[in-house]
Amino acid sequence: AGIYRSTDAGATWNLQLASEALCVAFHPTDSTKAIASAYSGNAWWSTNGGVAWNSATGLPAGAGLVDLAYARNSPTTVFASVDNNSGEVYRSTDGGRTYSLRSTGYNYLSGQGWYDNCIWVDPTTTNVVIVGGLDFWRSTDAGATFTDIGGYSGSIHPDQHVIVNNPAFNGTTVTSIFFGNDGGMFRAANAYTVSSSSGWSTLNNNLGITQFYGGAG
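Keep in mind the model is a prediction, meaning the values are calculated, not measured.

## Side note on the sheet that holds strand β3 (residues 23-26)
Part 1 of the reasoning: Reading across the sheet, the four strands line up as β3-β4-β5-β6 and stay open at both edges, with antiparallel pairing between neighbours. The sheet is open, and its two edges are formed by β3 and β6 (54-55), each paired on a single side.
Part 2 of the reasoning: Bridge count for strand β5 (residues 43-46) against β6 is two bridges, and the pairing is antiparallel. Looking at β6, one finds that Trp45 is bridged to Asn54.

The following block contains the structure:
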């Protein structure tokens with residue numbers, strides 16, 4: 001129903017933005033800066049720790065869900081995965097204030113961008129970006145072009161929701177990355193070489209993953 005802010009470790013909360021929001025991220029090194037996004041192509045930025053929010057520009061008005069990610073090695077750069085035209089990637093170079101289209105037409109969200117839509121930026125470079133929707137796609141040119149690395153219904157389960165790198169990820173000796181989807185948890189030991197046919201391993205280890213669509217008594 002909005003963005004709430006706490007200054008006492010979550011004991012109490014105050015409404016700061018009375019608009020539906022689904023994603024909030026803080027600048028990697030400056031706690032006064034933050035970004036947020038929602039459905040309908042909406043995104044915001046803050047320069048006072050989330051007290052006040054300003055609308056970002058450049059994203060398609062009336063689009064669907066927007067997911068955002070800072071580039072940790074260059075935090076003025078923010079990437080957005082937008083549920084528009086079955087999946088579009090936008091980039092901001094001013095900390096999430098304005099965005100411009102980087103790529104479209106890959107259909108990585110299919111018709112499910114309202115449900116499975118996520119984006120990850122390599123913490124060591126702004127060139128490597130991974131988006132998730134029906135499948136996972138990787139870019140090595142800052143989101144201009146993408147290659148399918150998920151092997152839909154092959155190497156991993158479809159419907160992607162979250163991408164998290166190893167906290168020690170350094171782009172050389174530690175390159176592992178973790179993925180959450182409707183089929184559970186998966187890992188790629190090397191974010192740069194994993195492909196639609198190799199490099200994936202499941203981490204479910206007997207974790208029960210079942211979607212119930214109906215029931216009767």
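## Focus: the pattern of salt bridges
Part 1 of the reasoning: If you walk through the whole model with that rule in mind, you get one salt bridge.
Part 2 of the reasoning: Two residues, Lys33 and Asp30, come together in a salt bridge whose shortest N-O distance is 2.6 Å.
Part 3 of the reasoning: Take Lys33: its relative accessible area is 33%, and that puts it in the partly exposed class.

## Things to note about the side chain of Ser92
Part 1 of the reasoning: Relative to the elements of secondary structure, Ser92 occurs in strand β9 (residues 88-92).
Part 2 of the reasoning: Polar side-chain contacts of Ser92 include one of 2.7 Å to the side chain of Asp94.
Part 3 of the reasoning: Here the side chain of Ser92 touches Gly96 through a polar contact of 2.8 Å, landing on its backbone nitrogen.
Part 4 of the reasoning: Here Ser92 is in contact with Thr76, Thr77, Val78, Arg97, Thr98 and Tyr99, once residues within four sequence places are set aside.

About the thresholds
- Residues numbered from 1 in each chain as written.
- Predicted model: local features only at pLDDT ≥ 70, side-chain atom pairs only at ≥ 80, totals over all residues.
- Heavy atoms only, no water.
- Pairing = 2+ DSSP bridges.
- Helix = DSSP H or I, 4+ residues; strand = E, 2+ residues; numbered from the N terminus.
- Salt bridge = Lys/Arg side-chain N within 4 Å of Asp/Glu carboxyl O.
- Buried < 20%, exposed > 50% of the residue type's maximum accessible area, 1.4 Å probe, protein only.
- Polar contact = N/O pair within 3.5 Å; in protein donor to acceptor, adjacent residues only side chain to side chain.
- Contact = heavy atoms within 4.5 Å.

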